[in-house]
Amino acid sequence: MWDNLLLGLSVNFQISWFDLFGFAIPVPTYILLCLAGCLIGTLIGVLPGLGPVATVSILLPLTFGLDVVGALIMLSGIYYGAQYGGSTAAILVRIPGEVTSVVTVIDGHEMARQGRAGAALGIAAIGSFVAGTFGTLVIVLFSAPLSQMALTFGPAEYCSLILMGLLLAVVLAQGSIPKAVVMIVLGVLLSCVGRDQETGAERLTFGFQILADGIDFSVLALGLFGIAEVMRNLDGAEGGDKVIARPGSPYPTWQEIKESAGAIVRGSALGGLLGVLPGSGGALGPFASYAVEKRIAKDPGRFGHGAIQGVAGPEAANNAGAQTSFIPMLTLGVPPTALMALLVGAMTVQGVVPGPQVMTRNPELFWGLIVSMWVGNAMLLIINLPLIGLWVKFLSVPYRLLFPGVLVVSAVGLFSIGNSEFSVILAALFAVVGYLLAKFGFEPAPILLGFVLGGLFEDNFRRALVLSSGDLLTFVERPLSLALIVISFAALLLGLISSSRRKVIFSDDQQKDEMWRM
Amino acid sequence: MLQFGSVFRGRGPMRASDDTSAAGVSRETIAGASLILIGGIAILATWRLPFGTLDEVGPGFLPRVTAVLLAAIGFFLTVGSLRTPAVSLPTLHWSKGAMVVGALVAFAVLARPLGMLPACAVLYWISGMAAPDVRPRELLVAGAIFAIACAALFKFGFGLQLPLLAIPGIGRF
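On a predicted model such as this, the values are computed, not experimentally measured, just so you know.

Novice: What is the right way to look at the overall build of chain B in this model?
Specialist: Looking only at helices and strands, chain B features 6 helices and 6 strands. For chain B, the N- to C-terminal ordering of α and β elements is α-β-α-β-β-α-β-α-α-α-β-β. Of all 173 residues assigned to chain B, the portion counted as buried reaches 43%. Restricting to contacts in chain B with at least 6 residues of sequence separation, those with at least 24 account for 63%. With the model as given, the accessible surface of chain B reaches about 8,800 Å², and the carbon-plus-sulfur share is 73%.

Structure (structure tokens):
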């Protein structure tokens, strides 16, 4: 095993000799490619509306001129960079680029509003690096057994897992649990908009042809979070030089790092484990981590108001999941998400067919890629810690000049989705919805989770029933599925019982309040 | 004793203060009513879709189940909140929000006919006017600069299929 790691390291730190005016110049090409990928990926991933998938697909052509190893190394750098860029946008301007950033938005942006944007960004970077290291180790040691485990997951197990995920989203709620349930259900309903995959029937499109492919995640996310946030800020503004985040120390303090350590470890484990599961795994990691951190925290009332564990845990889970989601692709040749499918496409273009034989036939490629993941994570940490100072500076621009800029970039980004003005209008509509939701005491975050999981749930539900010839009992007959269902309801019940006994303290109105009276 | 209405009120992000008047309308009432409405519309819209059978689940299944669920929760929310003391409704300062929405609509309308530069600039200017501490001249300049930078980035960086500037009758750049 260590030979393989050494092989991977040697591939990454390979030096090519370039001829410059007759002098042979040693250039560690692959390291530089990784660096370039991380940097570009981060800068583009920050742009609101451009999630990791869009970023990778935009930058994919850049890699066509490179050899296989170089292309994949650069792509993975872009991938991680884009993920971190998405987290940056989530923290700074409350725009989740992807479903995995939704959780970061909750406490991360609160921290930014309290002037601790740098700490949030810093802990996200550190947490991600630790998680990435963990993820790489998991891949090296446990690829084979983990992919076996992933194989035992049938549609019924997925349904139960998704159900667990949906119930987890309830725990995210700061407000009343039934209101969170409403939001999740609404999200699932929104996921039904568009052409049904199995039958081709058009649902809930109301005659709008553009909706036939369904609502785009970015449209929903930008509207409900980004634009609605701007509207909310304008609503409460009294005047004067408002700045989105007060300048504070740009980096997390040692105290904060100590506090987050546990969350990072737990998040890495959770995210790493769930990330192996194709489809929903990557999305569930951060949510699961948030739920766990909130449950075991001494004063859970901090969550939603800038608890650093609410950023550290989910970010670690996010990154660990991003790493381990390579496992099904590398060992089975099965791309678990759209993003992975892009990478598979890149490999195929280069003439490499991903699958179990890659490990034996192209060991330098396989191990070079794995080590490059770790190198990429290290690179991200090195690049981003100084960048944090830049971001915080960027935030000191007066809000009156900042928010129109956010709107412009968002609008252009939205327009590029389907090359249509409709995306902009639809996002504006969702923004109004998001604004009203906040005013009426609902939270938008569970909608996004319900939205993403709704489609997956339907697919797997149908498939499970087809496999069992219409037998509903299949969900409880299969042991793993039953176990997941039991865990979800047990967790929900525990959450309900304990919350009715807990008194929660609000930091803004300084009131003692009960979650609900039974 | 289960106090239904308060179950839903929870501790949402923006709580209006409770007052001790008689049972009546609060924001949960309106919220619940809206949910019933949305659920109802969804049910009507998916009326024709086949529900399917258990071994062949149809396209109407999930939309209708979620719509019914939504409407049901909405019903309980409305009823429950009507039985609890009336709470002052949240105030909506809709003028600012309307400017943001209007600016976005303007962008959508202008993007193709006039190109990215004018659309971005107009979006910046209109939405910028919503700021309470707006300085018109500063806004004008900032908008112009930002529009140029943004348009250039998306046009040249991402190859967005939208002209920078389109002057009707003359041409598209």
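Novice: Honestly, the side chain of Ser 191 of chain A in this entry has me stumped. Any pointers?
Specialist: Structurally, Ser 191 of chain A can be placed in helix H8 (residues 177-191). In contact with Ser 191 of chain A, not counting residues within four places along its chain, are Phe 451, Gly 454 and Gly 455 of chain A.

Novice: Explain the environment of Val 392 of chain A to me, please; I cannot follow it from the model alone.
Specialist: All names here are of chain A. If you trace the backbone, Val 392 turns up in helix H16 (residues 363-395). Look at Val 392 and you get buried, because its relative accessible area is 15%. Between the C-alpha atoms of Val 392 and Ala 112, which are 280 residues apart in sequence, the distance is 9.3 Å.

Novice: What is the right way to read the nonpolar core from this model?
Specialist: In globular proteins that are soluble, nonpolar side chains generally tend to be buried together. Counting residues in hydrophobic clusters, the biggest one holds 194 residues, and the most contacted among them are Ile 215, Leu 220, Ile 227, Phe 326 and Val 412 of chain A together with Phe 107 of chain B. Among the elements that line this core, the one with the most residues is H16 of chain A, at 17 residues. The next biggest cluster of nonpolar side chains, apart from the first, holds 8 residues, and it includes Leu 465, Phe 475 and Ile 485 of chain A together with Val 57 of chain B.

Novice: Honestly, the packing of helix H3 (residues 52-59) of chain A against helix H4 (residues 68-93) of chain A in this entry has me stumped. Any pointers?
Specialist: Geometry of a packed helix pair, given as the angle between the helix axes and the separation of the axes. All names here are of chain A. Packing of H3 against H4 leaves a shortest axis separation of 9 Å and a crossing angle of 145°. Relative to H4, the crossing made by H3 is right-handed. The residues of H4 that touch H3, namely those facing Pro 52, Thr 55, Val 56 and Leu 59, are Leu 75, Ile 78, Tyr 79, Ala 82 and Gln 83. Class assignment for the residues of the contact of H3 with H4 results in 7 nonpolar, 2 polar and no charged.

Novice: So what exactly am I meant to see when it comes to the packing of aromatic side chains here?
Specialist: Counted according to the given criterion, the structure contains 9 aromatic pairs over all chains. Judged by centre distance (5.5 Å) and plane angle (40°), the rings of Tyr 399 of chain A and Phe 403 of chain A are tilted. Here the residue Tyr 399 of chain A and the residue Phe 403 of chain A both occupy positions in helix H17 (residues 399-415), the gap between them amounting to 4 residues, near one helical turn. With respect to burial, Tyr 399 of chain A and Phe 403 of chain A carry one shared label: buried. Residues Phe 461 of chain A and Phe 61 of chain B carry aromatic rings whose centres are separated by 5.4 Å and whose planes lie at 5° to one another, so their mutual orientation is stacked. Separated into two different chains, Phe 461 of chain A in helix H19 (residues 445-467) and Phe 61 of chain B in helix H3 (residues 61-82) make up a pair that spans both. Note on Phe 461 of chain A: relative accessible area 12%, which makes it buried.

Novice: Explain the confidence of the model for chain A here, please?
Specialist: Interpretation of this model should avoid reading the predicted coordinates in detail wherever pLDDT is low. Residues and elements named next belong to chain A. On average, chain A scores 78 in pLDDT, and the residues at 70 or more come to 87%. At the low end of the mean pLDDT range in chain A sits strand S6 (residues 512-514), at 29; at the high end sits helix H18 (residues 421-439), at 90. Per-residue pLDDT stays below 50 along residues 502-518; that stretch engages in 34 contacts with residues further than four places along the chain or on separate chains.

Novice: Can you walk me through unusual backbone geometry in this structure?
Specialist: Where the residue is not glycine, phi is negative for most of them; where a peptide bond is considered, it is trans in most cases. In this model, Arg 94 of chain A sits at a positive phi of 60°, which is unusual for a non-glycine residue. With respect to the element layout, Arg 94 of chain A can be found in the loop between H4 and helix H5 (102-113).

Novice: Looking at this structure, how should I read the interface of chain B and chain A?
Specialist: Quoted interface sizes are often the accessible area lost when the parts come together. With 73 residues of chain B at the interface, the matching set in chain A holds 80 residues. A buried area of about 6,700 Å², summed over both sides, lies between chain B and chain A, and 74% of it is on carbon and sulfur atoms. Counting across the interface, chain B meets chain A through 3 salt bridges. A salt bridge links Asp 133 of chain B to Arg 400 of chain A; the nearest nitrogen and oxygen atoms lie 3.1 Å apart. Taken together, chain B and chain A are joined by 4 residue pairs in polar contact (both at pLDDT 80 or more). Those elements that place two or more of their residues in the side of chain B that touches chain A are helix H1 (4-9), helix H2 (27-45), H3, helix H4 (94-114), helix H5 (116-128) and helix H6 (136-157) of chain B. Per-element accounting of the side of chain B that touches chain A gives the leading share, 10 residues, to H4 of chain B. Of the residues assigned to the side of chain B that touches chain A, the class counts are 49 nonpolar, 13 polar and 11 charged.

Novice: Which parts of the structure should I look at to understand the environment of Gly 223 of chain A?
Specialist: Residues and elements named next belong to chain A. Mapped onto the elements, Gly 223 comes out in helix H9 (residues 217-236). Separated by 166 residues in the primary sequence, Gly 223 and Gly 389 place their C-alpha atoms 28 Å from one another. Once residues within four sequence positions are removed from consideration, Gly 223 is found in contact with Ser 218, Ala 228, Ala 427, Phe 430 and Ala 431.

Scoring rules and cut-offs
- Residues numbered from 1 in each chain as written.
- Chains lettered and ligands numbered in written order.
- Predicted model: local features only at pLDDT ≥ 70, side-chain atom pairs only at ≥ 80, totals over all residues.
- Heavy atoms only, no water.
- Helix = DSSP H or I, 4+ residues; strand = E, 2+ residues; numbered from the N terminus.
- Buried < 20%, exposed > 50% of the residue type's maximum accessible area, 1.4 Å probe, protein only.
- Contact = heavy atoms within 4.5 Å.
- Areas by Shrake-Rupley, 256 points an atom, 1.4 Å probe, with all protein chains shown as cover.
- Core = buried A, V, L, I, M, F, W, Y, C linked by side-chain atoms within 4.5 Å.
- Axes fitted to C-alpha atoms, helices over the stretch in contact; angles between N-to-C directions.
- Left-handed = near helix turned anticlockwise from the far one by under 90°.
- Nonpolar A, V, L, I, M, F, W, Y, C, P; charged D, E, K, R; others polar.
- Phe/Tyr/Trp six-rings, centres within 6.5 Å; stacked < 30°, edge-to-face > 60°.
- pLDDT = per-residue confidence, 0-100.
- Buried area = accessible area lost by both parts, 1.4 Å probe.
- Salt bridge = Lys/Arg side-chain N within 4 Å of Asp/Glu carboxyl O.
- Polar contact = N/O pair within 3.5 Å; in protein donor to acceptor, adjacent residues only side chain to side chain.

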